[in-house]
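Listed here are the chains, written in short residue letters.
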Amino acid sequence: MSETPKAPGGAGEWPLWEVFVRSRRGLAHTHAGSLHAPDAELALRNARDLYTRRGEGVSLWVVPSAAITASSPDEKDPFFEPAADKPYRHPTFYEIPEGVKHL
């Protein structure tokens, strides 16, 4: 089992960063993994070296893990319930123009 990387001089631990990659064929970034780095610039460089070695990525996002807030899968029904009673939020009754792509 590996240890969390420490900052030089034993000043503490480097923060954990979540890495999202957009592939050449995709329109959205997908979660690729995590890494430890002292700052955003080094996190981005390390993410490039680690997650796009074969040139498959065209864009990277790195986000501090501590900045991510997510809903719980256990609470999915009550959490999303208010949106279910508003059918106007779901564009099922709109016609998509012929020239529009990627909807």
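Here is what the cut-offs are and how they apply
- Residues numbered from 1 in each chain as written.
- Predicted model: local features only at pLDDT ≥ 70, side-chain atom pairs only at ≥ 80, totals over all residues.
- Heavy atoms only, no water.
- Helix = DSSP H or I, 4+ residues; strand = E, 2+ residues; numbered from the N terminus.
- Buried < 20%, exposed > 50% of the residue type's maximum accessible area, 1.4 Å probe, protein only.
- Contact = heavy atoms within 4.5 Å.
- Pairing = 2+ DSSP bridges.
- Axes fitted to C-alpha atoms, helices over the stretch in contact; angles between N-to-C directions.
- Salt bridge = Lys/Arg side-chain N within 4 Å of Asp/Glu carboxyl O.

J.: Give me the overall build of the protein chain: which residues, what numbers.
T.: Scanning the protein chain from terminus to terminus reveals two helices and three strands. Moving toward the C terminus, one meets the helices and strands of the protein chain in the order β-β-α-β-α. Within the span of the protein chain, comprising 103 residues, buried residues form 16% of the whole. In the protein chain, 39% of the contacts between residues at least 6 apart in sequence involve partners at least 24 apart.

J.: I'd like to hear about the environment of G33, residue by residue, with values.
T.: On the secondary structure map, G33 appears in strand β2 (residues 29-36). Judged by relative accessible area, G33 falls into the buried class, the value being 11%. Along the chain, G33 and A47 lie 14 residues apart, while their C-alpha atoms are 8.9 Å from each other. Residues in contact with G33, not counting those within four places in the same chain, are W17, E18, V19 and Y51.

J.: Explain the sheet that holds strand β3 (residues 57-64) to me, using residue names and the numbers behind them.
T.: With antiparallel pairing, three strands are arranged side by side in an open sheet as β2-β1-β3. Each of the sheet's edge strands pairs with one partner strand only, and the pair in question is β2 and β3. Put simply, the sheet's adjacent strands are angled 25 degrees from each other on average, direction ignored. As judged from the seven bridges shared by strand β1 (residues 16-23) and β2, these two strands associate in the antiparallel manner. Bridge pairing links R22 to H29 in β2. Sheet contacts for helix α1 (residues 40-51): β1, β2 and β3; angle to β2, the most-contacted strand, approximately 115 degrees.

J.: How would you summarise the pattern of salt bridges if you had to cite specific residues and measurements?
T.: Under the definition given, this model contains two salt bridges. In this structure, E41 and R45 form a salt bridge, with 3.0 Å as the shortest nitrogen-oxygen distance. Of this pair, E41 and R45 are both found in helix α1, four residues apart, which corresponds to roughly one turn of the helix. A residue is classified by how much of its surface remains accessible, and R45, at 45% relative accessible area, is partly exposed. Linking D49 and R48 is a salt bridge whose minimum nitrogen-to-oxygen distance equals 3.1 Å.

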